[in-house]
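What follows is the residue order along each chain.
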Amino acid sequence: MANNCNPTTKVCIQTKKVFDACLKQASYEMVTITLTDVNPANPTLPLTFVSGRSSAVLAEVTNLSVTRLQSRPRYGRIEADLVIPIKINYTDATGAAGVGTGTLTLHEDVVLMLPEASVMPYQVEAAVSVIVPNGTYDSATGGYTFIVTTCVSAILKIVITVELIIPTYGYAIIPPCQEYNDEVCSGFFDLPLFPGANNTI
């Protein structure tokens, strides 16, 4: 068994290496989200908010600006806009349920460690999760606009796609799939055939 605890070979894998990351969590009120794609089409106004949340794991990073800090050369000031797709569920004036998509744009200004200069460039990524707990329809616009409150969790990361040499314990053992069945008789079949039949003499 002891030999199984030691890596036997080395392999080269391609993966994203995270050089630094930070978590930003905040709530934002009075956020305007305009739906650009509604289903079914042409709902009867006004709309009533039901629920909402982000519809993608990664945000689009735009207007990116990176400035190395003179006082901390290995770190940089990262300024960027995170464009997060949002899905809003609603009912229209007839009570019919519908869904529409819009975007939430957040400006972030943070400090992260930057890798040293290399041929391969680093990237700034943002993993996001947003819930929209409440909102109201903005009747003044005459369109599909809501004023909402959002709860945002965003992880900003400095990443590079690299090739790494790592020790390996071999290939993973994949267990067989467990077929689903409605085992209504499982408790009955687990009983001994005769009373005390599991007892040994």
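Because the structure is a prediction, the values reported are computed rather than measured.

Undergrad: Give a detailed account of the nonpolar core, specifying residues and quantitative values.
TA: The biggest cluster of nonpolar side chains holds 30 residues, and the ones touching the most others in it are Ile 84, Ile 86, Leu 104 and Phe 146. Of all the elements in the fold, those that place two or more residues in this core are strand E1 (9–34), strand E5 (75–91), strand E6 (97–113), strand E7 (123–137) and strand E8 (145–168). Those residues in contact with Phe 146 that sit more than four places away from it in its chain are Val 31, Thr 32, Ile 33, Leu 35, Leu 47, Thr 48, Phe 49, Ile 88, Tyr 90, Thr 136, Tyr 137 and Asp 138.

Undergrad: Which residues make up the pattern of salt bridges, and what values go with them?
TA: The final tally for this structure, using the stated rule, is 4 salt bridges. Here Glu 108 and Lys 24 are joined by a salt bridge, their closest N and O atoms 3.0 Å apart. Within this pair, whereas Glu 108 is found in strand E6, its partner Lys 24 is found in strand E1, the two being separated by 84 residues in sequence. For Glu 108, a relative accessible area of 2% gives the class buried. Lys 24 gets classed as partly exposed once you look at its relative accessible area, which sits at 30%. Here Asp 109 and Arg 77 are joined by a salt bridge, their closest N and O atoms 2.6 Å apart. A residue pair is termed long-range when its members are at least 10 positions apart, and Asp 109 in strand E6 and Arg 77 in strand E5 qualify at 32 residues. Salt bridges sharing common partners tie together Arg 77, Glu 79 and Asp 109.

Undergrad: Describe unusual backbone geometry, naming the residues involved and giving the relevant values.
TA: With omega at 0 degrees, the peptide bond leading from Asn 39 into Pro 40 counts as cis. Considering the arrangement of structural elements, one finds Pro 40 in the loop between strand E2 (37–39) and strand E3 (48–54). Cis geometry marks the peptide bond from Leu 45 to Pro 46, where omega comes out at 0 degrees. Among the structural elements, Pro 46 can be located in the loop between E2 and E3.

Undergrad: Run through the environment of Val 57, naming residues and quoting values.
TA: Secondary-structure assignment places Val 57 in the loop between E3 and strand E4 (60–68). On the accessibility criterion, Val 57 (60% relative accessible area) is exposed. As for Val 57 and Ile 84, which are separated by 27 residues in sequence, their C-alpha atoms are 8.8 Å apart. Look past the residues within four positions of Val 57 in its chain and what remains in contact with it is Ala 126, Ala 127 and Val 128.

Undergrad: How would you explain the environment of Cys 12 if you had to name every residue and give the values?
TA: Mapped onto the elements of the fold, Cys 12 is located in strand E1. When the C-alpha positions of Cys 12 and Ile 166 are compared, they lie 6.5 Å apart, and in sequence the two are 154 residues distant. In this structure, Cys 12 is in contact with Glu 163, Leu 164 and Ile 165, ignoring residues within four places of it in sequence.

Undergrad: Before we move on, can you summarise the packing of aromatic side chains with the specific residues and values?
TA: Throughout the structure, instances matching the rule amount to 3 aromatic pairs. Plain terms: the ring middles of Tyr 137 and Phe 146 are 5.9 Å apart, the flat faces sit at 70 degrees to each other, and that makes the pair edge-to-face. For Tyr 137, a relative accessible area of 16% gives the class buried. Through a chain of ring-to-ring contacts, the aromatic side chains of Phe 49, Tyr 90, Tyr 137 and Phe 146 assemble into a single cluster. Taking the ring centre of Tyr 75 as reference, the NZ or CZ of Arg 72 above it sits at 4.3 Å.

What counts, and where the lines are drawn
Residues numbered from 1 in each chain as written. Predicted model: local features only at pLDDT ≥ 70, side-chain atom pairs only at ≥ 80, totals over all residues. Heavy atoms only, no water. Core = buried A, V, L, I, M, F, W, Y, C linked by side-chain atoms within 4.5 Å. Buried < 20%, exposed > 50% of the residue type's maximum accessible area, 1.4 Å probe, protein only. Helix = DSSP H or I, 4+ residues; strand = E, 2+ residues; numbered from the N terminus. Contact = heavy atoms within 4.5 Å. Salt bridge = Lys/Arg side-chain N within 4 Å of Asp/Glu carboxyl O. Phe/Tyr/Trp six-rings, centres within 6.5 Å; stacked < 30°, edge-to-face > 60°. Lys NZ or Arg CZ within 6 Å of the ring centre and 35° of its normal.

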